[in-house]
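Residue strings, one per chain:
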Amino acid sequence: MNSISRTLAAADLAGAHEEGAERARFAGIGTAGRRRAPWWHTHSRSLMVALLVLLVLSPFLWLVQLAFKPAADIFDDALLFVPTLDGFASLLQGNFLKSFGNSLLVSTLSTGFSLVIGVPAAYALTRWKFKGRDRIALWILVTRMAPPIAFTIPFFLAYQYLGLQDTVIGLAIVYLTFNLAIVIWLMQTFFEAVPASLEEAAWIDGCGVWQAFWRVALPLTAPGLVATAVMCFIFSWNDFFYALILTRTNAITAPVAIVNFLQYEGWEWTKIAASGTLVMLPVIVFTVLVRKYLVRGLTAGGVKD
C-alpha cells in the first residue's frame, strides 16, 4: 500500500509540474503575442484623430505658410523656405489696419445689440403665455431664412436717405437682421431648460420679474449666452455682402479690404495670405478664451434627464 501511495503521489506531482509548464508556455506565448502586436494597432484611434485634425486644418496651415513666404517664391512648391514678415509689413503701409478695426468694432457692436435685444425677447417668448407666441417665434426664424440680396435695395435706399451709408453704426444695425434670430432661437432653448420653479422661488423672496431674470435665469444660462455670442460674432466678422454694398471708404471691413488686393495688374498673394491670417486670429483667440463655456453651451440639452 505504501508503494502504491508513493506511486500515485509521484504521478500527481508530475502532472502538476506538466500543467504548470503548459501554463507557463501559454503565458509566454500570450506575452510574446502581445509584444509582437504592431504599434499602429494600439494607436489606431490616435492616428485617425491626428489625420482628421490635419485634414481639417490643412487649408489654414497652407494659408499661414503662404503668408510667411517671400513674394518671389509664392508659387514654389518647396516646403522649406526662409520665412519673412514682408507680407505683414506691407499691410501697415495701407488702410488694412483701419478696415480690421472697423470689423472688430462692427462685430462687437452687432453682437452686443443682438444680445441686449434678443435675450430678453427669448425670455419673454419662453415664460410668458400669450396669443400668437408660436407665430411670432416662427416669423423671427423666417427673417433668417430670407437671402440677403432680397434686402439690398431697401437697405441701400433707406441708408442713403438716413445718412447711415458707409458708417460703422449703420453696418452694425444691418447685422441685427440675421444675428437677432439666432439669439432668440438659441436662448429660447436654454431658458426652457431652466426650471420655472427657481424663478417662482425668487418671486416669493421679493424679486420682481426682471430681477428674477437677471439674478436667476440669466446666470444659469451663461454657457448658452457665451455660445450664442461667439456665433453672432463669427457671423458678423465673416460678412462680406452687406459690407460690400453699404460701405465705401470710411466703414470698409477686413473681408472687403482683402478683395482690394485682387487688382487688374495682378493678385498680391502675399498680402492676401497675410491679411487672411490676421482675420482668423480674433475668432481663434475669442473661441479659445471661452472654449469651456462654448462647449457647455453647444452641448446643453444633448442628453435628457
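Further remarks concern the packing of aromatic side chains. Enumeration over the complete set of coordinates arrives at 17 aromatic pairs. Ring centres of W128 and W210 lie 6.1 Å apart, and the angle between their planes is 75 degrees; on these two criteria the pair is classed as edge-to-face. A residue pair is termed long-range when its members are at least 10 positions apart, and W128 in the loop between α5 (96-127) and α6 (133-145) and W210 in helix α11 (residues 209-220) qualify at 82 residues. Judged by its relative accessible area of 40%, W128 falls in the partly exposed class. Among the aromatic residues, those joined into a ring-pair cluster are F151, F155, Y159, Y175, F178, F241 and Y242.

It is worth spelling out the pattern of salt bridges at this point. Any two side chains of opposite charge can pair, given that their charged atoms come close. Enumeration over the complete set of coordinates arrives at 1 salt bridge. E199 is the partner of R127 in a salt bridge, and the nearest nitrogen-oxygen pair spans 2.8 Å. You can see R127 sitting in helix α5 and its partner E199 sitting in helix α10 (residues 196-204), a full 72 residues away along the chain.

A surface patch of nonpolar side chains, amounting to about 830 Å² of accessible area, comprises V49, L52, V53, L54, L55, V56, L57, F60 and L61. Mapped onto the elements, F60 comes out in helix α3 (residues 44-67). A relative accessible area of 40% means that F60 is categorised as partly exposed.

Turning our attention to the side chain of N179. By the element assignment, N179 lies in helix α9 (residues 176-192). Look past the residues within four positions of N179 in its chain and what remains in contact with it is S110, S114, C232, F235 and S236.

A positive phi angle, close to 60 degrees, is found at D166, a residue other than glycine. Relative to the assigned elements, D166 resides in the loop between α7 (152-162) and α8 (168-174). You can call D166 buried: its relative accessible area is 12%.

Along the chain, S275 falls in helix α15 (residues 269-289). Here the side chain of S275 touches I272 through a polar contact of 3.0 Å, landing on its backbone oxygen. In this view, S275 contacts L91, F96, I258 and F261; residues no more than four positions away in its chain are not counted.

What follows covers the confidence of the model for the protein. Per-residue confidence for the protein gives a mean pLDDT of 79; residues scoring 70 or more make up 81%. Within the protein, the lowest mean pLDDT, 49, falls on helix α1 (residues 2-35), and the highest, 92, falls on α8. Predicted confidence is poor over residues 1-14, with pLDDT under 50, and the contacts of this stretch with residues over four places away or in other chains come to 0 contacts. The low-confidence segment residues 29-33, where pLDDT is below 50, has 0 contacts with residues more than four positions distant or belonging to other chains.

Below, the discussion takes up the packing of α5 against α9. Interaxial distance between α5 and α9 falls to 7 Å at its minimum, and their mutual angle equals 40 degrees. Judged on the interaxial angle alone, α9 and α5 are oblique. In this structure, α5 meets α9 at a crossing whose hand is right-handed. Of the residues in the contact of α5 with α9, the class split is 14 nonpolar, 6 polar and 2 charged.

Conventions we followed
- Residues numbered from 1 in each chain as written.
- Predicted model: local features only at pLDDT ≥ 70, side-chain atom pairs only at ≥ 80, totals over all residues.
- Heavy atoms only, no water.
- Phe/Tyr/Trp six-rings, centres within 6.5 Å; stacked < 30°, edge-to-face > 60°.
- Helix = DSSP H or I, 4+ residues; strand = E, 2+ residues; numbered from the N terminus.
- Buried < 20%, exposed > 50% of the residue type's maximum accessible area, 1.4 Å probe, protein only.
- Salt bridge = Lys/Arg side-chain N within 4 Å of Asp/Glu carboxyl O.
- Patch = residues over 30% accessible without salt bridge, like charges linked within 9 Å, V, L, I, M, F, W, Y side chains within 5 Å.
- Areas by Shrake-Rupley, 256 points an atom, 1.4 Å probe, with all protein chains shown as cover.
- Contact = heavy atoms within 4.5 Å.
- Polar contact = N/O pair within 3.5 Å; in protein donor to acceptor, adjacent residues only side chain to side chain.
- pLDDT = per-residue confidence, 0-100.
- Axes fitted to C-alpha atoms, helices over the stretch in contact; angles between N-to-C directions.
- Parallel < 35°, antiparallel > 145°, perpendicular 65-115°, else oblique.
- Left-handed = near helix turned anticlockwise from the far one by under 90°.
- Nonpolar A, V, L, I, M, F, W, Y, C, P; charged D, E, K, R; others polar.

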